[in-house]
Amino acid sequence: MADITSRRDFLKQVSGAALAAGAAPSMLAWALPLQGQAVDVPGEDGMILRSFRFVDLESPVEYFNTWLTPVPHFFVRNHMHEPSELSAEDWRLTVGGEVEKSLTLTLAELSKLETHSVVNTLECAGNGRSLHRPQVPGIQWGKGGVSTARFSGPRLRDVLQRAALKSAGKHVMFRGLDEVPGKVPPFIRSIPIEKALDSDTLIATHMNGAPLTKHHGFPARALVPGWVGAASCKWLTEIKVLETEFAGNFMNPGYRFPNQPGKPGEPVKPEDTHPLTSLNVKSVISGPSDGGSVKAGALHVHGAAWAGEADIVKVEVSTDDGATWNPAKLGHEQAHYAWRLWSFDWKGKAGDYSVQSRATDSQGRTQPQTAVWNPSGYLYNAIDQVKIHVA
Ligand code: MTE
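Residues numbered from 1 in each chain as written. Predicted model: local features only at pLDDT ≥ 70, side-chain atom pairs only at ≥ 80, totals over all residues. Heavy atoms only, no water.

**Topic: helix H5 (residues 156-163)**
Of all the residues in H5, the buried ones are Leu 156, Val 159, Leu 160 and Ala 163. Considered in projection along H5, the buried side chains sweep an arc of 100 degrees and stay on one side of the axis. With its phi angle positive at about 60 degrees, Ala 164 sits one or two positions after the end of H5. (Buried < 20%, exposed > 50% of the residue type's maximum accessible area, 1.4 Å probe, protein only. Helix = DSSP H or I, 4+ residues; strand = E, 2+ residues; numbered from the N terminus. Arc of directions from axis to C-beta.)

Shown next, in the form of structure tokens:
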């Protein structure tokens, strides 16, 4: 089923024939009442629909104006159908593999463990894919496959310690309760033991102080802060400690990046790639809107910047197509894995402008002019740009 770019397109497509032509049942459940009406996807006000076979919702960049993203504005990325039945009472989390004592935990048991909170900017590895040149196949994310929330729950390491890790355990695998259609490989991935034992890696049960919603992994998800969103498995039901990295589609060939930048458009050999881990340094302009027209005078350019496991140290703004750069003001709210909001005030005279933003992080990385092209279109992080008309 084709990807679509806006709610309007979606509504056009769900009317009549498109529905009759065999849309997936989980989509029908919420699409049917919407036929021909301008109604939002429940709980997801104003989101851009990138795929309706499996629910993929992008945040419009104009929503990047609060440090914590309200949950209904938090992007959603699903590789398969969300579980149709989830019950807090029946849910179980098993912990096995290279441990001395296998565990089965109920949600009530999990909730008794000490809770820790981490404000994390979660970004899909494919965010910005549509901007790579040459273009690559896959969900054509614009700039909004990224959002920030306060995630809370027990530390993964506390659960692993209860199960008593064996020294042979070097990787931790997560399996969710997604409903896997047909012969599609299940969404199973693993992270190295060092990241699993990090004091900020969680089994999150809450987001912005409320229990996780279904779209975001109710009742519990892994939260691997600073890493690509794919590491943070939703609807978590199984944790398995392994001697080696999990071998499956979503570890290889999925979610891998070339060891060396290659020529754009050329294939990369699997042995010349590594699994994606931390996010890139990146900034996005959330206003003024691209293609918009604003009145001459005091102009306020603003946006968000993040850098995975590193911290943002500087954001610069150019109003002359990158010829000169000015420091932006960084917002007060900050946390290690969270984006920084930023702003730049400028007196704009009538004319057409290319306004750009460029972030630098604590590892000395600066957003490049052009992102590293790769066959799957991951980690797009070129200097951001909006074109505006000042009248
Ligand atoms: N976990 C499961 N079980 N199934 C999935 O499809 N998608 C992953 C990750 N966890 C996914 C998953 C990807 S690719 C991303 S970017 C994040 O969840 C998105 O999390 P969100 O939908 O809460 O924003």
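That was the structure; now back to the text.
**Brief notes about the environment of Val 228**
Inspection of the secondary structure assignment puts Val 228 in the loop between strand S13 (221-223) and strand S14 (236-242). Overall, the relative accessible area of 0% leaves Val 228 in the buried class. Through-space distance from the C-alpha of Val 228 to that of Cys 124 is 5.8 Å; in sequence the pair is 104 residues apart. Those residues in contact with Val 228 that sit more than four places away from it in its chain are Glu 123, Ala 125, Leu 276, Thr 277, Leu 279 and Leu 379. (Contact = heavy atoms within 4.5 Å.)

**Focus on the site of the ligand**
The immediate surroundings of the ligand are formed by 20 residues, with Phe 75, Asp 178, His 216, Arg 221 and Lys 234 found nearest. For the ligand, an oxygen atom lies 2.8 Å from a polar atom in the backbone of His 79. Side-chain polar atom of Arg 221 to an oxygen atom of the ligand: 2.8 Å apart, as the coordinates give it. Within the complex, the protein chains bury 100% of what would otherwise be the 530 Å² of accessible surface of the ligand. (Near = heavy atom within 4 Å. Polar contact = N/O pair within 3.5 Å; in protein donor to acceptor, adjacent residues only side chain to side chain. Areas by Shrake-Rupley, 256 points an atom, 1.4 Å probe, with all protein chains shown as cover.)

**Digging into unusual backbone geometry**
Backbone torsion omega between Arg 133 and Pro 134 reads -5 degrees, so that peptide bond is classified as cis. Note on placement: Pro 134 falls in the loop between strand S6 (115-123) and strand S7 (146-154). Of note, the bond from Phe 218 into Pro 219 is cis; its omega dihedral lies within 30 degrees of zero at 0 degrees. Here Pro 219 shows up in the loop between strand S12 (210-211) and S13. Here Asn 208, not a glycine, exhibits a phi torsion of approximately 50 degrees, which is positive. Along the chain, Asn 208 turns up in the loop between strand S11 (206-207) and S12. You can call Asn 208 partly exposed: its relative accessible area is 28%. Non-glycine residue Asp 321 carries a positive phi angle of around 65 degrees. Counting through the fold element by element, Asp 321 comes out in the loop between strand S20 (312-318) and strand S21 (326-327). Asp 321 sits in the exposed class, given a relative accessible area of 52%.

**Comments concerning the sheet that holds strand S17 (residues 282-287)**
Think of a sheet as strands paired side by side through backbone hydrogen bonds, with each pair either parallel or antiparallel. Pairing in this open sheet of 4 strands is antiparallel, and the strands run S17-S19-S23-S22 from one edge to the other. Edge positions in the sheet fall to S17 and strand S22 (329-330), since each has one partner strand and no second. Relative to strand S23 (residues 340-348), S22 is paired through 2 bridges, and the arrangement is antiparallel. What sits directly across from Leu 330, in S23, is Trp 342. (Pairing = 2+ DSSP bridges.)

**What to know about the side chain of Ser 357**
Summarising the element assignment, Ser 357 is placed in strand S24 (residues 351-361). A polar side-chain atom of Ser 357 sits 2.8 Å from a polar atom in the side chain of Ser 283. Once you skip the residues sitting within four places of it in the chain, Ser 357 turns out to touch Ser 283, Val 284, Ile 285, Glu 316, Trp 325, Trp 342, Gln 367, Ile 383 and Asp 384.

**Focus: the packing of aromatic side chains**
Overall, the coordinates contain 8 aromatic pairs when judged by the stated rule. Seen in terms of ring centroids, Trp 346 and Tyr 353 are 5.1 Å apart; in terms of plane orientation they differ by 85 degrees. Their pairing is edge-to-face. On the accessibility criterion, Trp 346 (13% relative accessible area) is buried. One aromatic cluster is present, formed by Phe 74, Phe 75, Trp 141 and Phe 151 through successive ring pairs. Lying across the ring of Trp 325, Arg 358 places its NZ or CZ 4.1 Å from the centre. (Phe/Tyr/Trp six-rings, centres within 6.5 Å; stacked < 30°, edge-to-face > 60°. Lys NZ or Arg CZ within 6 Å of the ring centre and 35° of its normal.)

**Describing the side chain of Ser 318**
Within the secondary structure, Ser 318 sits in strand S20. Side chain to side chain, Ser 318 and Asp 320 meet in a polar contact 2.7 Å long. Leave out the neighbours within four places in its chain, and Ser 318 touches Ala 323, Thr 324, Trp 325, Ser 354, Val 355 and Gln 356.

**Description of the sheet that holds strand S3 (residues 76-77)**
Across the sheet, which stays open at both edges, the 3 strands sit in the order S1-S2-S3 with antiparallel pairing between neighbours. On the outer flanks of this sheet lie strand S1 (48-51) and S3, each paired with one strand and no other.

**Here's the deal with the nonpolar core**
Among the nonpolar cores identified, the biggest contains 28 residues, and Leu 110, Val 172, Phe 174, Ile 203 and Ile 239 are the most heavily contacted of them. Listing elements by their share of this core, those giving two or more residues are strand S4 (92-97), strand S5 (103-106), helix H4 (107-111), H5, strand S8 (171-176), helix H6 (193-196) and S14. Among the elements that line this core, the one with the most residues is H5, at 4 residues. Listed in part, the 23 residues of the second largest apolar core include Phe 64, Val 146, Trp 339 and Leu 379. (Core = buried A, V, L, I, M, F, W, Y, C linked by side-chain atoms within 4.5 Å.)

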